[in-house]
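Here's the letter readout for the chains.
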Amino acid sequence: MNPILNTALKAARKAGDMMIRASRNLDAVKTDSKAFNDFVSDIDRSSEAILVDALKEAYPHHKITAEEGGMQGKAAAEYEWIIDPLDGTTNYLHGHPQYAVSMALLHKGVLQEALVYAPERNDLYMASRGKGALLNDRRIRVSNRIELNRCLIGTGFPVVDQSMMNTYLAILKDVLAKTAGGRREGAASLDLCAVACGRFDGFFEFNLKPWDIAAGALIVREAGGIITDMNGNGNWLESGNIVAGNPKVLVQMLQIIAPHVK
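Labelled according to an unreviewed UniProt entry, the protein appears under the name Inositol-1-monophosphatase, originating from Neisseria musculi. For the record of the protein, the UniProt heading Catalytic activity (unreviewed entry) holds the text "a myo-inositol phosphate + H2O = myo-inositol + phosphate". Recorded in UniProt for the protein, the comment headed Sequence similarities (unreviewed entry) runs: "Belongs to the inositol monophosphatase superfamily."

(A) Quick peek at the pairing of strand β11 (residues 152-155). Alignment of β11 against strand β12 (residues 181-184), held across four bridges, turns out to be parallel. Across the sheet, residue Gly154 finds its bridge partner in β12, namely Arg183. In the classification by handedness, the crossover that spans β11, the intervening helix α4 (residues 165-178) and the parallel β12 is right-handed. Examined bridge by bridge, β11 and strand β13 (residues 202-205) share three bridges and lie parallel to one another.

(B) Seen up close, the domain arrangement of the protein. Segmentation of the protein into domains returns domain 1 (3-139) and domain 2 (148-260). Computed over C-alpha atoms, the centres of domain 1 and domain 2 are 21 Å apart. Taken residue by residue, the interface counts 37 residues in domain 1 and 24 residues in domain 2. Both sides together, the interface formed by domain 1 and domain 2 hides about 2300 Å², and carbon and sulfur atoms give 65% of it. Broken down residue by residue, the surface that domain 1 buries against domain 2 is led by Gln98, Leu111 and Tyr125, which jointly contribute 25%. The tally of links from domain 1 across to domain 2 stands at zero salt bridges. Put simply, domain 1 and domain 2 have eight residue pairs in polar contact (both at pLDDT 80 or more) between them. Elements with a contribution of two residues or more to the side of domain 1 that touches domain 2: β3 (63-66), β5 (79-87), β6 (100-107), β7 (110-118), β8 (123-128) and β9 (133-135).

(C) Local environment of the pattern of salt bridges. Counted by the stated rule, this structure contains two salt bridges. Ionic pairing is found between Lys63 and Glu80, a salt bridge with its closest N-O pair at 3.9 Å. Placement of the pair is Lys63 in strand β3 and Glu80 in strand β5, with a sequence separation of 17 residues. No difference in accessibility class separates Lys63 from Glu80, as the two residues are buried. Note that Asp201 and Arg145 form a salt bridge whose closest N and O atoms lie 2.7 Å from each other. Here Asp201, found in the loop between α5 (188-196) and β13, pairs with Arg145, found in the loop between β10 (138-139) and β11; they are 56 residues apart in sequence, far enough to count as distant. Taking relative accessible area as the criterion, Asp201 reaches 2% and is therefore assigned buried.

(D) Structural context of the sheet that holds strand β15 (residues 242-245). If you walk across this open sheet you meet the five strands as β12-β11-β13-β15-β14, and the pairing is mixed. Both outer strands of the open sheet, β12 and β14 (226-228), are each paired with one neighbouring strand and no more. For this sheet the average axis-to-axis angle between neighbouring strands, irrespective of direction, equals 20°. Here four bridges tie β13 to β15, and the two strands are oriented antiparallel to one another. Each residue of the ladder has a partner; that of Gly202, found in β15, is Gly245. Running at roughly 165° to β13, α4 makes contact with β11, β12 and β13 of the sheet. Strands in contact with helix α8 (residues 247-257) are β11, β13, β14 and β15; relative to β15, the strand with the most contacts, it is inclined by about 145°.

(E) Layout of the UniProt feature "binding site: Mg(2+)" (unreviewed entry) in the protein. What UniProt calls "binding site: Mg(2+)" (unreviewed entry) maps, in this numbering, to Glu67, Asp84, Leu86, Asp87 and Asp212. Sequence-wise these annotated residues cover 146 residues; spatially they are packed, their C-alpha atoms never more than 9.6 Å apart. Here Glu67 shows up in the loop between β3 and β4 (70-72). Summarising the element assignment, Asp212 is placed in helix α6 (residues 210-222). Taking relative accessible area as the criterion, Asp212 reaches 12% and is therefore assigned buried.

(F) View of the sheet that holds β6. In spatial order, the strands read β4-β3-β5-β6-β7-β8-β9-β10; together these eight strands make up an open sheet with mixed pairing. With one partner strand each, in any of the chains shown, β4 and β10 form the two edges of the open sheet. Judged from the two bridges that link them, β9 and β10 form a sheet pairing that is antiparallel. Residue pairing for β10: Leu135 is matched across the bridge by Arg138. Across the sheet, α5 lies against β5, β6, β7 and β8, angled at about 100° from β7, the strand it touches most. Across the sheet, α6 is in contact with β3, β5, β6, β7, β8 and β9; its angle to β7 comes to roughly 100°.

Definitions and limits used
- Residues numbered from 1 in each chain as written.
- Predicted model: local features only at pLDDT ≥ 70, side-chain atom pairs only at ≥ 80, totals over all residues.
- Heavy atoms only, no water.
- UniProt positions renumbered as here; feature names shortened; annotations may be inferred.
- Pairing = 2+ DSSP bridges.
- Helix = DSSP H or I, 4+ residues; strand = E, 2+ residues; numbered from the N terminus.
- Right-handed = clockwise from strand over helix to strand, strands pointing away.
- Domains from an automatic or database assignment.
- Contact = heavy atoms within 4.5 Å.
- Buried area = accessible area lost by both parts, 1.4 Å probe.
- Salt bridge = Lys/Arg side-chain N within 4 Å of Asp/Glu carboxyl O.
- Polar contact = N/O pair within 3.5 Å; in protein donor to acceptor, adjacent residues only side chain to side chain.
- Buried < 20%, exposed > 50% of the residue type's maximum accessible area, 1.4 Å probe, protein only.
- Axes fitted to C-alpha atoms, helices over the stretch in contact; angles between N-to-C directions.

Put into structure tokens, the structure is as follows:
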């Protein structure tokens, strides 16, 4: 493991241990609403503090963009961390174990390092640009399925920003009609990791934030998958509209999506 990922991992495990301890008494967790269906807890904030403090100590010249605290550091910094201290807050608050810490490092805007850590399962996904992707030190690859009717597709409902709801439901209807099924598990970082290790054959969702998808996207790429926006282009990190999958499945997913988007 390279020193950068080792630093991120130590911080992620520390945050994860804190989450596990707090999950034993969820009634004591303080929760606020940032917007409709968009929750933040004191666990989100505590996790973010652990991660940010560790990164600042190890890499004081790096910029950090985090879900709760926004951007810290020099805007022109060559290196930028994008972190989600608790992806799947709603799951966590309901005792559902599908949640994770997500951390990605960009250099001059290009994804270089990624880590997604799921504390409940003690699953650690990592990737370094050009060096492949791992789950718990085991190399992972996207699925090799070709026939769409044999494929399982992950997705996420647009519950916070519902402006794309009708479009989303139309796409979902067509996806379900042509595949082996769909799954909505509530944490995009882990959905993308599921694509990377072949549990999902594809994934799509609208209106995500960079911290939801940056780390998982690099892990998918390094596992042999492809990431695009809904039009098959490369601005998914900026738009938040993302499609992921193995190369053959992704092409077929884009064909399903195309009639519904401009």
